[in-house]
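Chain and residue survey
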Amino acid sequence: MTRATAPDWDPDQFRRFAAERAQSFHDLLDRLGTGPFDRAVDLGCGPGDLTALAAERLSIGRITGIDNSPTMLASAVAHASERVAFEASDIATWTSEGDHDLVLAAASLQWVPDHRSVLARWVAALAPGGRLAVQVPANAHAPTHTVAAHVADREANAAFLVDYEQALIDEMGDHEPCFFPFSRILFVARRPSR
Ligand SMILES: C[S@@+](CC[C@H](N)C(=O)[O-])C[C@H]1O[C@@H](n2cnc3c(N)ncnc32)[C@H](O)[C@@H]1O
């Protein structure tokens, strides 16, 4: 089976629906009140605009946006300041020594496997009284996903899907999807164009 290389993120495409995308981020921040927070991290920060926005809205002393996409980080640099920094790292393994007041992860947890271990590492990064704020999409029943699932379920595509799942399992080992049906979301995200 031929597999495509995972594409990097496109910040310009990402910004096309910036307002809609930002709404769930605002909803998450609403639940955190007004701050202040001394030290925070934004895991899977994307193009960084929302990291800077969080710094303002929550009166954060220092926030680091973490991402592993070179294009997203290149875009995020424009939002760096004395209080806002960006670093390349893998959120799946990221942790810190109990020194963060806020660990924020908006629309990023669903991109990594083994949520139980990942969340344990994120919680370990919190100082006593620190807050963990996580948002994941809940659009598994939206047409974007139901149509993909319908197509995937057609007999002609079934073999492809089985091969694809097996290849992913071979490559990634044990996979514990917490949120989406594993085959469907990864299928939608990585199916090569023909
Ligand atoms: C849907 S975007 C969310 C961006 C931003 N948090 C927001 O709410 O608009 C997901 C981001 O997670 C990043 N990401 C995915 N897997 C990652 C990983 N293992 N380590 C670091 N960043 C990751 C992607 O590069 C992307 O920028």
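Residues numbered from 1 in each chain as written. Predicted model: local features only at pLDDT ≥ 70, side-chain atom pairs only at ≥ 80, totals over all residues.

Topic: the confidence of the model for the chain
- In this model, the chain carries a mean pLDDT of 78, and residues with pLDDT of at least 70 account for 69%.
- Low confidence marks residues 1-5, where pLDDT is under 50. Its contacts with residues over four positions away, or in another chain, come to 7 contacts.
- Segment residues 175-194: pLDDT under 50, and 32 contacts once partners within four positions in sequence are set aside and those in other chains are kept. (pLDDT = per-residue confidence, 0-100. Contact = placed C-beta atoms within 7 Å.)

Structural notes on the nonpolar core
- Leu43, Ala54, Ile60, Val103 and Leu104 are the most contacted members of the largest nonpolar core, which has 31 residues in total.
- For this core, the elements supplying multiple residues, two or more each, are helix 2 (18-30), strand 1 (37-43), helix 3 (49-57), strand 2 (60-67), helix 4 (70-76), strand 3 (84-88), strand 4 (100-106) and helix 5 (115-124).
- Here this core gets 5 residues from one element, more than from any other, and that element is strand 4.
- The contacts of Leu43, once residues within four sequence positions are left out, are Ile66, Ile91, Trp94, Val103, Leu104, Ala105 and Ser108. (Core = buried A, V, L, I, M, F, W, Y, C linked by C-beta atoms within 7 Å. Buried ≥ 20, exposed ≤ 12 C-beta atoms within 10 Å, placed from the backbone. Helix = DSSP H or I, 4+ residues; strand = E, 2+ residues; numbered from the N terminus.)

Considerations on the sheet that holds strand 2
- Spatially, the 5 strands line up as an open sheet ordered 3-2-1-4-5, and their pairing is parallel. Each edge of the sheet is formed by a strand with only one pairing partner; in this case those strands are strand 3 and strand 5 (126-135). The average angle at which neighbouring strand axes cross in this sheet is 20°, direction not considered.
- In the sheet, strand 2 pairs with strand 3 via 5 bridges, with the strands oriented parallel. Across the sheet, the residue bridging to Thr64 is Ala85, located in strand 3. (Pairing = 2+ DSSP bridges. Axes fitted to C-alpha atoms, helices over the stretch in contact; angles between N-to-C directions.)

What about the pairing of strand 4?
- Along strand 4, 7 of the 7 residues are buried, which leaves the element largely enclosed by surrounding structure.
- In this sheet, strand 4 lies alongside strand 1 in parallel orientation, the contact comprising 3 bridges. Looking at strand 4, one finds that Val41 is bridged to Val103.
- When strand 4 meets strand 5, the two strands line up parallel, connected through 6 bridges. Looking across to strand 5, one finds that Leu104 is bridged to Ala133.

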